[in-house]
Amino acid sequence: EAEEEALRQRIREQLQARNAVLIAHYYTSPVIQALAEETGGFIGDSLEMARFGARHPAQTLVVAGVRFMGETAKILSPEKRVLMPTLEATCSLDIGCDISSFSHFCDQHPDHTVVVYANTSAAVKARADWVVTSSIALQVVSHLHEQGKKILWAPDKHLGDYICRTTGAEMLMWDGACIVHEEFKAKGILDLKKIHPTAAVLVHPESPASVVELADVAGSTSQLLKAAGELPNDTFIVATDRGIFYKMQQQNSHKRFMEAPTAGNGATCRSCAHCPWMAMNSLERLVTSLEQGSNEIQVEPELIRQALIPLQRMLDFPK
Ligand code: 13P
Ligand code: SF4
């Protein structure tokens, strides 16, 4: 405890001394989220993190999350320094969508509007017409569908399927998935609902269709957090990374939140429901990055120029 407090103190001092602000995702550890709040930083979903970083006047943005979030921050604020606790924190969606195969896929379908999920590399974003996060994907695709556009979607097939079912848009799909959300099981949730019949089910749409079908609310991390506060239920089954429980429980102390099962028999393994890359954001790594100025995100100026166009379209899209 004393050791942890010493680390926290060094981080507070560094943030001040370097005119830096800490921006954390809901899936990072409670200690990192609490520090972001306490130091005037921010906790949010990936869209809100991008907006906050772009608007904040600090000269250095410290992004606790995964690499694509740091890259997005850099693309939106190339004049700022963007640090991360580790540059190794990636995402299975990003890994599964390399620029050369993706570019080839786009070249084969020149009549399609290319919409990519934010969980991608800067190079993939640079090849896209639109970038979207889970909180705005439905609105953007329905808008494009209304204009009669055919969509090429990448990389998350589950989120893509969900958008396709909901909007009726014509969509060509890349075959990618999130290793965390893909593990949630409909059978496990149904079994848990038998025990807790009044429970509401909250689902991040990176989960398989059979799980999204059971959702009372499907949406981004921030949208799920909002639903946890607004729905009258006293119990919730939550199909997303367990990092979200920190804020859910804090904001709704009288409600009960349970992890959605990742096995049909109702069990949840320890390594499931938690993103291994988000878990790499430790206090030790955060303090080292700040003190040494290490793990700075670098994106080539030409990529920044190209990727900014579809990202800015998303930020300018009326909510
Ligand atoms: P959100 O945009 O909902 O925060 O999701 C990001 C993510 O990586 C979910 O797994
Ligand atoms: Fe990527 Fe899934 Fe981790 Fe989110 S939870 S960063 S989608 S691997």
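Since this is a predicted model, take the numbers as computed values, not measurements.

Take the sheet that holds strand 5 (residues 113-117) next. The strand order 6-5-7-8 describes an open sheet built from 4 strands, whose pairing is parallel. The outermost strands of the open sheet, each flanked by one partner alone, are strand 6 (130-132) and strand 8 (171-173). Here the strands of the sheet are splayed against their neighbours by 25° on average, with no regard to which way each runs.

As a further point, take the environment of lysine 247. Here lysine 247 is to be found in helix 13 (residues 245-251). As a C-alpha pair, lysine 247 and leucine 15 span 232 residues in sequence and 23 Å in three-dimensional space. With near-sequence residues (within four places) excluded, lysine 247 lies in contact with Tyr26, Ile43 and Leu225.

Turning our attention to the nonpolar core. Among the nonpolar cores identified, the biggest contains 95 residues, and Ile23, Val62, Val115 and Leu202 are the most heavily contacted of them. Setting aside residues no more than four positions away along its own chain, leucine 202 makes contact with Ala215, Asp216, Val217, Leu224, Ala227, Ala228, Phe236, Val238 and Ala239.

As a further point, take the environment of alanine 307. With respect to the element layout, alanine 307 can be found in helix 15 (residues 301-316). Once the C-alpha coordinates of alanine 307 and cysteine 164 are considered, the two residues, 143 residues apart in sequence, prove to be 24 Å apart. With residues near it in sequence (within four places) discarded, alanine 307 still touches Ile75, Ala122, Lys125 and Ala126.

Further remarks concern the site of ligand 1. Taken together, Asp45, Ser46, Leu47, Asn119, Thr133, Ser134, Ser135, Cys178, His204, Glu206, Ser220 and Thr221 make up the full set of residues adjacent to ligand 1. Its residues placed into classes, the shell around ligand 1 shows 2 nonpolar, 8 polar and 2 charged.

Turning next to helix 15. One turn of an α-helix holds 3.6 residues; hence residues three or four places apart share an orientation. With 16 residues, helix 15 ought to run about 22 Å at 1.5 Å a step, and its terminal C-alpha atoms sit 22 Å apart, in line with that. The largest bend along helix 15 reaches roughly 35° and is located at leucine 308, with the proline proline 310 sitting one to four residues downstream. Inspection of helix 15 places Ala307, Pro310, Leu311 and Met314 among the buried residues, and these make up the whole buried set. In this structure, the buried side of helix 15 is in contact with helix 4 (67-76), helix 7 (122-126), strand 6 and helix 8 (137-146).

Turning to the sheet that holds strand 4 (residues 81-83), a few remarks are in order. Read from one edge of the open sheet, 4 strands run 2-1-3-4, paired in parallel fashion. The open sheet has two edge strands with one neighbour each: strand 2 (42-44) and strand 4. Along the sheet, successive strands turn relative to each other by an average axial angle of 25°, direction set aside. Where strand 1 (residues 20-25) and strand 2 come together, 3 bridges link them in parallel fashion. Its bridge partner lying in strand 2, alanine 24 is registered against isoleucine 43. Contacting strand 1, strand 3 (60-64) and strand 4, helix 4 crosses the sheet at an angle of about 160° to strand 3.

What follows concerns the domain arrangement of the chain. What the domain assignment lists for the chain is domain 1 (2-90 + 278-298), domain 2 (93-178) and domain 3 (181-259). When each unit is reduced to the centre of its C-alpha atoms, the spacing between domain 1 and domain 2 is 28 Å. Every contact between the two is made by 9 residues of domain 1 and, on the other side, 10 residues of domain 2. Mapped by element, the contributors of at least two residues to the side of domain 1 that touches domain 2 are helix 3 (46-55) and helix 4. Here the side of domain 1 that touches domain 2 gets 5 residues from one element, more than from any other, and that element is helix 4. Considered class by class, the residues forming the side of domain 1 that touches domain 2 number 3 nonpolar, 3 polar and 3 charged.

What follows deals with the confidence of the model for the chain. Low pLDDT means the predicted atomic positions in that stretch should not be read closely. Confidence in the prediction for the chain averages 96 pLDDT; 97% of positions are at 70 or higher. We note a pTM of 0.96 for the whole complex and an ipTM of 0.98 for its interfaces.

All right, on to the packing of helix 4 against helix 15 then. Two elements in contact, helix 4 and helix 15, have axes separated by 9 Å at closest approach and are oriented at 95°. As judged from the angle between their axes, helix 4 and helix 15 are roughly perpendicular. Two secondary-structure elements touch here, helix 4 through Thr72, Ile75 and Leu76 and helix 15 through Ile304, Ala307, Leu308 and Leu311. Grouping the constituent residues of the contact of helix 4 with helix 15 by class yields 6 nonpolar, 1 polar and no charged.

What counts, and where the lines are drawn
- The written sequence of each chain sets the order in which its residues are numbered from 1.
- For naming, the first written chain is A and the first written ligand is 1, with later ones following in the order written.
- At least 70 in pLDDT is required for a residue's local features to be given in this predicted model, at least 80 for side-chain atom pairs to be given and counted, and no such filter applies to totals for whole chains, interfaces and linings, which use all residues.
- Pairing between strands is defined by DSSP: at least two bridges between the two strands are required.
- In this description a helix means any DSSP run of H or I spanning at least four residues, a strand means any run of E spanning at least two, and both kinds are numbered starting from the N terminus.
- Here, axes are lines fitted to C-alpha atoms. For helices the fit covers the stretch in contact, and angles between N-to-C directions go from 0 to 180 degrees.
- Any residue pair is listed as a contact if its two C-beta atoms, each placed from the backbone, are within 7 Å.
- What we call a nonpolar core is a set of buried Ala, Val, Leu, Ile, Met, Phe, Trp, Tyr and Cys residues whose membership is set by joining through C-beta atoms within 7 Å.
- Whether a residue is buried, exposed or partly exposed is read from the other C-beta atoms within 10 Å of its own C-beta, which are placed from the backbone; 20 or more gives buried, 12 or fewer gives exposed, and intermediate counts give partly exposed.
- Each residue receives a C-beta atom built from its backbone; the residue is near a molecule or strand if that atom lies within 6 Å of it.
- Ten residues, namely Ala, Val, Leu, Ile, Met, Phe, Trp, Tyr, Cys and Pro, are considered nonpolar, four, namely Asp, Glu, Lys and Arg, are considered charged, and the remaining ones, Gly among them, are considered polar.
- To estimate how far a helix should reach, multiply one less than its number of residues by 1.5 Å.
- Fitting axes to the seven residues that end at a residue and to the seven that start at it, the angle between those axes gives the bend at that residue.
- An automatic or database domain assignment is the source of the domain bounds shown.
- On a range of 0 to 100, pLDDT expresses the predictor's confidence in each residue.
- Each angle is binned into one of four classes, with values under 35 degrees roughly parallel, values over 145 roughly antiparallel, values of 65 to 115 roughly perpendicular, and all other values oblique.

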